[in-house]
Amino acid sequence: MIQKVSIRNFKTLADTELELGVVNVLIGANGCGKTNILEAIGMLSAAASGHVDDQAFLRRGVRPGVPSVMKTSLKGLESRDCIQLRAEAIVDGESVAYETHLKTTTDSTSGKWDFEKSTGIAKGLELQLNLKNGATPGFKTPYENGQANYETSRLVTMLLSRLTDYGIFTPSTPFLRGLQPDITQREPVGLNGGRLAEAADWMLFQMMDRAGKGEGTILSLIDWANGFGIKPPSKELLSPSIPTSKEMIFFKDRYRREGEEWLAAPDVSEGALYILFAFVLALNPKSPSLFAIDNFDQALNPRLAKALIKSFCYEMCNTKQSKQAIITIHNPSVLDGLDIGDDRIRLFAVDRLHDGSTHITRIQVDGQLLEENRMTLSQLWVTGRLGGIPPI
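Nothing here was measured: the structure is a model prediction, and the numbers come from that model.

1. Side note on the overall build of the protein chain
Then, number 1: Counting its regular elements, the protein chain contains 12 helices and 16 strands.
Then, number 2: The 392 residues of the protein chain split such that 53% are buried.
Then, number 3: Excluding contacts between residues fewer than 6 apart, the proportion of contacts in the protein chain whose partners are at least 24 apart in sequence is 63%.
Then, number 4: Of the roughly 18,200 Å² of accessible surface on the protein chain, a fraction of 49% belongs to carbon and sulfur atoms.

2. Points about the state of the cysteines
Then, number 1: One pass over the full model with this rule turns up 0 disulfides.
Then, number 2: The closest cysteine sulfur to the non-disulfide-bonded C313 is located on C317, 6.1 Å from its own sulfur.

3. Remarks on the side chain of R177
Then, number 1: Relative to the assigned elements, R177 resides in the loop between helix 5 (173-176) and helix 6 (196-201).
Then, number 2: At 4.9 Å, E270 is the nearest oppositely charged side chain to R177, a buried residue that forms no salt bridge.
Then, number 3: Looking at R177, its side chain comes within polar contact range of the main-chain oxygen of A265, at 2.6 Å.
Then, number 4: Setting aside chain neighbours within four positions, we find R177 in contact with M248, A265, P266, D267, V268, E270 and L273.

4. Describing helix 10 (residues 302-318)
Then, number 1: In a regular helix each residue adds 1.5 Å, so 17 residues correspond to 24 Å; helix 10 covers 25 Å between its end C-alpha atoms and thus fits that length.
Then, number 2: Those residues of helix 10 that fall on the buried side of the exposure criterion are L304, A305, L308, I309, S311, F312, C313, E315, M316 and C317.
Then, number 3: A distance of 3.0 Å separates the backbone nitrogen of R303 from a side-chain oxygen at the start of helix 10, and that oxygen is part of N301.

5. Some remarks on helix 9 (residues 270-283)
Then, number 1: Across its 14 residues, helix 9 extends 20 Å between first and last C-alpha, which sits within 8% of the 20 Å expected from 1.5 Å per residue.
Then, number 2: Within helix 9, 13 of the 14 residues are buried, which leaves it mostly tucked inside the rest of the structure.
Then, number 3: Where helix 9 starts, the residue carrying a side-chain oxygen 3.1 Å from the main-chain nitrogen of G271 turns out to be S269.

6. Re the nonpolar core
Then, number 1: Ranked by size, the top nonpolar core spans 68 residues in total, and within it F251 and F312 carry the most contacts.
Then, number 2: By residue number, the principal contributor to this core is helix 9, which donates 12 residues.
Then, number 3: Beyond its immediate chain neighbours, meaning those up to four positions away, F312 contacts V23, A278, A282, F291, I293, F296 and A325.
Then, number 4: In terms of nonpolar packing, the next biggest core, distinct from the first, is built from 48 residues, F10, L38, Y98 and L129 among them.

7. Things to note about the pairing of strand 13 (residues 290-293)
Then, number 1: On strand 13, burial covers both faces: L290 and A292 on one face and F291 and I293 on the other are all buried.
Then, number 2: Pairing between strand 9 (residues 167-169) and strand 13: 3 bridges, direction parallel. In the sheet register, F169 faces strand 13, and the bridge partner there is I293.
Then, number 3: Of the pairings in the sheet, the one linking strand 13 to strand 14 (residues 324-328) comprises 4 bridges and is parallel in character. Along strand 14, the bridge assignment pairs A292 with I326.
Then, number 4: Taken together, strand 13, helix 10 and strand 14 form a β-α-β motif whose crossover is right-handed.

8. Brief notes about the pairing of strand 11 (residues 248-253)
Then, number 1: Of all 6 residues in strand 11, 5 are buried; the element is thus mostly enclosed.
Then, number 2: Looking at chain direction, strand 10 (residues 225-231) and strand 11 are connected through 5 bridges and run antiparallel. In the strand pairing of strand 11, A225 is matched with D253.

9. A closer look at the sheet that holds strand 13
Then, number 1: Strands sit in the order 9-13-14-3-15-16 across an open sheet of 6 strands; the sheet is mixed. Each edge of the open sheet is held by one strand with a lone partner, namely strand 9 and strand 16 (358-363). The average undirected angle you get between the axes of adjacent strands in this sheet is 25°.
Then, number 2: Of the pairings in the sheet, the one linking strand 3 (residues 23-28) to strand 14 comprises 4 bridges and is parallel in character. If you follow N24 over to strand 14, its bridge partner there is I326.
Then, number 3: Packed on one face of the sheet, helix 10 meets strand 3, strand 13, strand 14 and strand 15 (345-352) and runs near 160° to strand 14.

Parameters at a glance
Residues numbered from 1 in each chain as written. Predicted model: local features only at pLDDT ≥ 70, side-chain atom pairs only at ≥ 80, totals over all residues. Heavy atoms only, no water. Helix = DSSP H or I, 4+ residues; strand = E, 2+ residues; numbered from the N terminus. Buried < 20%, exposed > 50% of the residue type's maximum accessible area, 1.4 Å probe, protein only. Contact = heavy atoms within 4.5 Å. Areas by Shrake-Rupley, 256 points an atom, 1.4 Å probe, with all protein chains shown as cover. Disulfide = S-S within 2.5 Å. Lys, Arg positive; Asp, Glu negative; His and termini not counted. Salt bridge = Lys/Arg side-chain N within 4 Å of Asp/Glu carboxyl O. Polar contact = N/O pair within 3.5 Å; in protein donor to acceptor, adjacent residues only side chain to side chain. Expected span 1.5 Å × (residues − 1). Core = buried A, V, L, I, M, F, W, Y, C linked by side-chain atoms within 4.5 Å. Pairing = 2+ DSSP bridges. Right-handed = clockwise from strand over helix to strand, strands pointing away. Axes fitted to C-alpha atoms, helices over the stretch in contact; angles between N-to-C directions.

Right, dumping it as structure tokens:
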């Protein structure tokens, strides 16, 4: 599990760090730097793969930009030459770290970056990595112990593998419905929600077996449906003018007449598709071990948003695949679905300081504070007691 990410000189992130749990929720005003945090980790992921350029950014959901824009440029702050990123993790019970310093190429408008430093650290040894050309890491230190060298290399490689597959998912209704092709294809689902039907097909029988067996299962969140399936588009259920993919999601509406109860993805509530998307990332073994969802709560009413985050956290914390998620939200009701007493579920307030830089604060709230204030967590946020909201 990745424990900490440190970021220096990336956009509004002049010098900050994030100590990660399993589910990490970022709250804050628009423009405070929440998405910048997700993208800084995307740049770290690209560096771990050895390719830091626009294509590597796009594959991870990072907005490409010229280096002069991606580096911190704030009045009153010292200008630095390179972006510095670091990840620390526990791998097989050992502390492992990867650090990279990225500087602009000679042509600062090319969108490409050079590695000034790329280092892996484990078991007291330091590896100078030559990832840019895909070469096997070479040791910076002159140790001769072959077994120690092998173990260090293995641990660092495992950390790099966890970082490399990172992606920022930003689901959008047309892609979830299967009406538009997703150019950012990933496994198991595109960054915008493309191929949702294909991704959900693997889990269909597991989901259906669990459906209706307790609060928080998929169909308990979609109260109007009592079944769903994946099959080729049907001309009986879809207008011929609607572009479709090879497979499509169909939901069974409990309120419709027998024989006419099935509805295709283009005709169902978009909230149902967002729920399915979140479960795919939490449960599908092909989803990244570390991923982000920007605007997790979009298209959801407050009660459904609260119920979904509760179920999502449960699945993430109980999966056998050791996944981690970083999500941004704007709907205060989501906070009331968090078990803030579980250290695996962490809440962070993101604010911009007087100099324009982004500051991250972990929010730790106990039941006594809630009781004393006679407020829910969402009410504490809205009234400004948690941070992550600008003064009126």
